[in-house]
Amino acid sequence: MIFDVAVLGGGPAGMAAAAEAARGGARVVLLEESPAPGGQVYRAPPAGFEMKPDRDRQEGDALRAALAASGADIRTGCRVWGLGGGPLVPEGQFDAPFSLSALSADGAPFTVQSRALILCCGTHERIIPFPGWTLPGVIGLAAATILLKAQGILPGQRVVVAGAGPLLYAVAAKILAGGGSVAALIDAATPGEWLRALPALSARPDLLAQGMAWRAKLLAARVPVLTGAQVTAAEGNKVLSHVRVAHRVFEADALCIGHGLVPATEASRTYRARHVHRPEDGGWVPVLDTAQRTSVPFLYAAGDGAGVRGAAAAPAAGRLAARTALHDLGFSLAYASEEDAALKRARRTGAAMARMMTLRPAMVAAIPAETIICRCEGVTRSEIEKAAAAGANTINQLKHFTRCGMGPCQGRMCGEAAGALLAAARGVDVAELGFATGRIPLRPVPMASILGDFDYADIPVPAPAPI
Amino acid sequence: MNMRFDAAVIGAGVMGCATALFLARGGMRVVLLDRGEICREASGVNAGTLTMQMTRAALIPYALRAHEMWMNMPAWCAGGDVLATACPGLSVAFTDAEAAMLEERARIRREAGAPIELIDGRAAQAIEPGLADGVKLAGHCPIDGFASAYLTGRAFRAALQEAGVTLMEATPVRGIDGRFMLDTSAGAVAAQRVVLAGGVWLQDMAAWLGVTLPIKVLINQLVVTERMPPVMRTVLGVASGLLSLKQYANGTVLIGGGWQGIGDRARGGVAVRSENFLGNVRLAAHTVPALRQARVVRSWLGLEAETADALPAIGPIPGIDDAWIIGSVHSGYTSGPYMGRILAQAILGDAPELPLFPIDRLLHQRSNSA
Ligand SMILES: Cc1cc2nc3c(=O)[nH]c(=O)nc-3n(C[C@H](O)[C@H](O)[C@H](O)COP(=O)(O)OP(=O)(O)OC[C@H]3O[C@@H](n4cnc5c(N)ncnc54)[C@H](O)[C@@H]3O)c2cc1C
Ligand SMILES: Cc1cc2nc3c(=O)[nH]c(=O)nc-3n(C[C@H](O)[C@H](O)[C@H](O)COP(=O)(O)OP(=O)(O)OC[C@H]3O[C@@H](n4cnc5c(N)ncnc54)[C@H](O)[C@@H]3O)c2cc1C
């Protein structure tokens, strides 16, 4: 069967999009790789974990409940690796239904097809490399959040939390709440930056209050908070033991660090949608009209994957995408859009937060020459600069010259820093470097699970070339 | 901008790069233009197999000489390197029909000069312990190997510069006026001679000169795995030629063989065709069972050119003095540097070491009227 709407990603944007589309009468399927819908911020704990219902959990539970009641076909634990259909057809053919190939939780492959596709793929974390960032004990803020939110596990006993954006304070507060100690909080933003963000944040007093509460917790626990500062090095013999911040050294068994969020655009790039580089949105984002349409017919994007605007804005954007999709598919909607104002407000707050999380060129400039940038392939800053001097002009050409971004993460981790370094070395804007071509698989996929059972005789080997 | 060159080479793939390099070494002032970046089409994305067992028989003498060039690349390319690695090559047959095909193809290639011997499955497994059981017959060629094709642009770039070639990347040529004024995005470029080296876009380029040269476009798919422990040590193919497998020093395994994806001249490689993706990886896993443990990290596509008779287009363009063409070479990465060298010899007025592949045979009306 062909669904009317497929939603890729079950975070707040995807949950809301799927529920809204189903409410409008469409046959909807939602694909999410985690065991339960929720996404990054509303990540559900695994079965058997009882966790205190905090504010995030309540909002997440509300979205989950609405989704469950909507009648959408919810496929969780399903990692989508293959994309096809849509504009990916031979010359002269009409666009095909979208097709998404996935592996279910037990590894079984399946494919779904849909007339419209809403991408709600969220973000990857940005980590600007520094000496020692690949040491065991150094983890991303996002990974720390998963440990804390989904499983109530502390990343370490004595933790340095560092980077940029509100996640810093959320993670530090959760570590304290879980009984861990925070050796220091290193915030790249200056107090001035926070002050400038205040007017936009006050549009959402609830979020502002939450932020204040986090800070109060840190104060009460006498956690040293360094602002306008950054980690100079993570040090230790095989595992992390110290974190250096200029002349100060903190003992720590874990460093949780993140420098913002980067929209996950693998799927929109694979579908060859137009993209634009907007630092304030997190980097490369698909070009959208005001109703969440990408440049590809019947392909929509919503949530942070379309530009970082935060969890509050994501559901509204998802609902808008769903309504637009239904409209484009010819459904007549019996109800009007009611939340444009809320969406605008949430986006304003989100934009202020996102600005604080944009890539900081000074931080990239400070990376020492021999620091590894691409950890999959072991490519250092100086190798990237040598490649630039040798004529690598674009991100795709840098890949060829150095293998930077060719490993299992396909540039998700290193792409931003590598781009910034290449742009700086060439003296051009990052936008001029282009972005890495999107190709399947979206995630590394085990051969064993896609091969299936087959007979040699049934492999449709094409005719040989002439001898 | 007013520039005058002895030769303008249009298209910076392996064919254009090699031709430009040897023309410059022969004393010419050369400009090499590409609409994109150096070696980022077929020549930078191909499977890098340097094999005799997929090469058309007529090209084997060329491929053998080119194989030697690849293995010594730093020596003639100013240190430029594509990590060419020599190893034995095996072409295997799992069925009687494939064995018959293999026997015939190996015989023809042997007659053309490729030292291919036929061996049984057990002997093949001794050469390639990663090979599956059930091989009925295998062609074994001690001269085989592979390169990391993505390094090709980097490898040629320094040598081109050292030889004094003016490299103009991101400079599409839009047409050619008179003899020869190139209309480019960076203004007019004047040259005494012109060499068309445009891969699958040769058809468009020939049209600039009023020549109708139909070029078929193949959209080849490739798949690469994550790094894994050693699972193979040869270049492996099947009798039909529709598999090429090799494991690089970094542990990744490249799976190819010419399975077709979606794309065209205008849009480039658009997407992998899922049934062909599946067919290709199944054939690979059937041949090297340890690949079942691999994870696929990436797939991609590249465009390969083919003339009506699937033989190269290399030589002068009939009726237009000082206009030359090079491309549409089957397994063209393998023989690329040598093809560029012999075309440069011809352009420089020397006799090429081996014969070119003039295109008169492909231009019926023209050759009749000429
Ligand atoms: C660690 C972390 C903590 C955060 N904490 C807060 C916070 O406290 N407060 C706040 O306001 N904002 C927070 N944010 C920001 C917030 O997560 C986002 O704004 C919000 O989640 C965006 O929603 P989304 O639906 O766009 O994306 P996400 O919530 O990221 O959801 C995307 C979903 O898509 C799924 N997905 C992606 N690709 C595939 C695929 N190929 N196959 C299957 N599934 C796929 C992912 O598994 C994920 O569940 C946090 C972000 C991060 C990374
Ligand atoms: C996926 C794939 C796998 C392959 N595997 C192998 C293999 O394992 N072994 C092997 O021997 N061969 C292989 N081949 C074949 C081999 O790659 C090609 O034969 C060879 O690279 C062709 O080189 P070329 O220089 O003719 O073309 P290309 O490398 O395509 O170069 C043509 C150049 O012309 C440029 N151009 C086009 N239009 C213009 C314009 N208007 N102005 C300026 N420049 C222009 C393009 O940008 C391009 O750079 C493979 C091919 C593909 C696609």
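Here the structure is a predicted model, which means the values were calculated and not measured.

Conventions and cut-offs
- Residues numbered from 1 in each chain as written.
- Chains lettered and ligands numbered in written order.
- Predicted model: local features only at pLDDT ≥ 70, side-chain atom pairs only at ≥ 80, totals over all residues.
- Heavy atoms only, no water.
- Near = heavy atom within 4 Å.
- Polar contact = N/O pair within 3.5 Å; in protein donor to acceptor, adjacent residues only side chain to side chain.
- Helix = DSSP H or I, 4+ residues; strand = E, 2+ residues; numbered from the N terminus.
- Nonpolar A, V, L, I, M, F, W, Y, C, P; charged D, E, K, R; others polar.
- Domains from an automatic or database assignment.
- Contact = heavy atoms within 4.5 Å.
- Buried area = accessible area lost by both parts, 1.4 Å probe.
- Salt bridge = Lys/Arg side-chain N within 4 Å of Asp/Glu carboxyl O.
- Pairing = 2+ DSSP bridges.
- Axes fitted to C-alpha atoms, helices over the stretch in contact; angles between N-to-C directions.
- Areas by Shrake-Rupley, 256 points an atom, 1.4 Å probe, with all protein chains shown as cover.
- Disulfide = S-S within 2.5 Å.
- Buried < 20%, exposed > 50% of the residue type's maximum accessible area, 1.4 Å probe, protein only.
- Phe/Tyr/Trp six-rings, centres within 6.5 Å; stacked < 30°, edge-to-face > 60°.
- Lys NZ or Arg CZ within 6 Å of the ring centre and 35° of its normal.
- 1 Å grid on protein atoms, 1.4 Å probe; cavity = no way out; pocket = protein on both sides within 12 Å on 5 of 7 lines; lining within 4 Å.
- Points joined across faces, edges and corners; volume = space filled by probe spheres on them.

(A) Focus on the site of ligand 2. Residue and element names in this part refer to chain B. By nearness alone, 34 residues border ligand 2, and Asp-34, Ser-43, Thr-49, Ser-331 and Thr-334 come closest of all. Contact between ligand 2 and Ser-43: an oxygen atom at 2.5 Å from a side-chain N or O atom of the residue. Between ligand 2 and the protein, one listed contact pairs an oxygen atom with a side-chain N or O atom of Thr-334 at 2.7 Å. If you list the elements that add at least two residues to the shell around ligand 2, you get α1 (14-25), α2 (42-45), α8 (202-208), β10 (216-225), β16 (295-306) and α10 (332-347). Across the shell around ligand 2, the residue classes tally to 17 nonpolar, 13 polar and four charged. Split by domain, the shell around ligand 2 shows at least three residues from each of two domains, domain 1 (2-44 + 151-214 + 309-363) and domain 2 (86-145 + 216-306).

(B) Molecular detail of the interface of chain B and chain A. Across the contact, 57 residues belong to chain B and 47 residues belong to chain A. Surface buried jointly by chain B and chain A totals about 4700 Å² across both partners, of which 59% is contributed by carbon and sulfur atoms. On the chain B side of the interface with chain A, the three residues burying the most area are Tyr150(B), Arg282(B) and Arg298(B), jointly 14% of the side's total. On the surface where chain B and chain A come into contact, there are one salt bridge. Of the charged contacts, one joins Arg227(B) and Glu377(A) as a salt bridge, the two residues approaching to 2.4 Å between their closest N and O atoms. In this assembly, chain B and chain A are joined by 21 residue pairs in polar contact (both at pLDDT 80 or more).

(C) Structural context of the sheet that holds strand β22 (residues 445-446) of chain A. In space, the nine strands of this open sheet follow the order β22(A)-β16(B)-β10(B)-β13(B)-β12(B)-β11(B)-β3(B)-β5(B)-β4(B), with mixed pairing throughout. Each edge of the sheet is formed by a strand with only one pairing partner; in this case those strands are β22 of chain A together with β4 (117-119) of chain B. Pairing geometry for β10(B) and strand β13 (residues 253-256) of chain B, over two bridges, is antiparallel. Each bridged residue has a counterpart across the sheet, and for Val224(B) the counterpart in β13(B) is Leu254(B). Where helix α3 (residues 60-71) of chain B meets the sheet, it contacts β3 (85-93) and β5 (137-146) of chain B, and its direction lies at approximately 45° from that of β5(B).

(D) View of the side chain of Arg412(A). All names here are of chain A. For Arg-412, the position within the fold is in the loop between α12 (395-402) and α13 (415-426). Within the structure, the side chain of Arg-412 is placed 2.8 Å from the side chain of Glu-266, a separation counted as a polar contact. If we ignore the near neighbours within four places in the chain, the residues touching Arg-412 are His-124, Glu-266, Leu-442, Arg-443 and Pro-444.

(E) Region of the structure containing the site of ligand 1. Residues and elements named next belong to chain A. The full set close to ligand 1 counts 33 residues, and Glu-32, Gln-40, Asp-304, Gly-310 and Ala-311 are the nearest of them. Arg-443 has a polar side-chain atom sitting 3.1 Å from a nitrogen atom of ligand 1. For ligand 1, whose unbound accessible area comes to 970 Å², protein coverage reaches 92%. Looking at the shell around ligand 1, the elements with two or more residues in it are α1 (12-23), β4 (79-86) and α3 (141-151).

(F) Local environment of unusual backbone geometry. Of note, the bond from Ile440(A) into Pro441(A) is cis; its omega dihedral lies within 30 degrees of zero at 0°. For Pro441(A), the position within the fold is in the loop between α13 and β22. Cis geometry marks the peptide bond from Arg179(B) to Phe180(B); its omega dihedral reads -20°. Take Phe180(B): it is sitting in the loop between β7 (173-177) and β8 (181-184). Its identity as a non-glycine residue notwithstanding, Phe298(A) has a phi of 65°, on the positive side. Looking at the secondary structure, you find Phe298(A) in the loop between β18 (283-286) and β19 (299-301).

(G) Structural view of the domain arrangement of chain B. All names here are of chain B. Once the domains are mapped, chain B shows domain 1 (2-44 + 151-214 + 309-363) and domain 2 (86-145 + 216-306). Distance from the C-alpha centre of domain 1 to the C-alpha centre of domain 2: 30 Å. Taken together, the contact pairs 12 residues of domain 1 with seven residues of domain 2. Between domain 1 and domain 2 lies a buried interface of about 850 Å² when both sides are counted; carbon and sulfur atoms form 55% of it.

(H) How the structure looks around the pattern of salt bridges. Residue and element names in this part refer to chain A. All told, the structure shown has 30 salt bridges over all chains when counted by the stated rule. Arg-79 is the partner of Glu-33 in a salt bridge, and the nearest nitrogen-oxygen pair spans 3.0 Å. Of this pair, Glu-33 sits in the loop between β2 (28-31) and α2 (55-70) while Arg-79 sits in strand β4; the two residues are 46 residues apart in sequence, bridging distant segments of the chain. What you see here is one network of salt bridges that share partners, running through Glu-33, Arg-79, Glu-266, Arg-412 and Arg-443.

(I) Looking closely at the domain arrangement of chain A. Residue and element names in this part refer to chain A. In terms of domains, chain A is made up of domain 1 (2-124 + 262-354), domain 2 (127-259) and domain 3 (367-433). Taken residue by residue, the interface counts seven residues in domain 2 and eight residues in domain 3. Taken together, both faces of the contact between domain 2 and domain 3 bury some 680 Å²; the carbon and sulfur share is 71%. Three residues, Pro-129, Trp-133 and Thr-134, lead the burial of domain 2 against domain 3; their summed loss comes to 64% of the area buried on that side.

(J) Seen up close, the state of the cysteines. All names here are of chain A. Per the counting criterion, the structure on display carries zero disulfides over all chains. Just so you know, Cys-404 is unpaired, no disulfide at all, and the nearest cysteine sulfur is the one on Cys-414, 4.1 Å from it. Free of any disulfide, Cys-409 has its nearest neighbouring cysteine sulfur in Cys-376, separated by 3.9 Å. Its relative accessible area of 13% is what places Cys-409 among the buried residues.

(K) Focus on the packing of aromatic side chains. Taken as a whole and judged by the stated rule, the model has 11 aromatic pairs over all chains. Pairing Tyr62(B) with Tyr338(B) gives two aromatic rings, centres 6.2 Å apart and planes at 65°, and the pair type is edge-to-face. Separated by 276 residues along the polypeptide, Tyr62(B) in helix α3 and Tyr338(B) in helix α10 bring together distant segments of the chain. Residue Tyr62(B) is classed as buried on the basis of its relative accessible area of 6%. Arg215(A) extends its terminal NZ or CZ atom over the ring of Trp194(A), reaching a point 4.8 Å from the ring centre.

(L) Summary view of empty space enclosed by the protein. Scanning all chains against the criterion turns up eight cavities of 30 Å³ or more. Here the largest cavity is characterised by a volume of approximately 110 Å³. Around the largest cavity, the lining is made up of 14 residues, and of these Glu266(A), Arg269(A), Gln410(A), Arg439(A) and Arg298(B) lie nearest the centre. The leading source of residues in the lining of the largest cavity is helix α7 (residues 266-270) of chain A, at three residues. Considered class by class, the residues forming the lining of the largest cavity number four nonpolar, four polar and six charged. If you add up the space inside the second largest cavity, you get close to 80 Å³.

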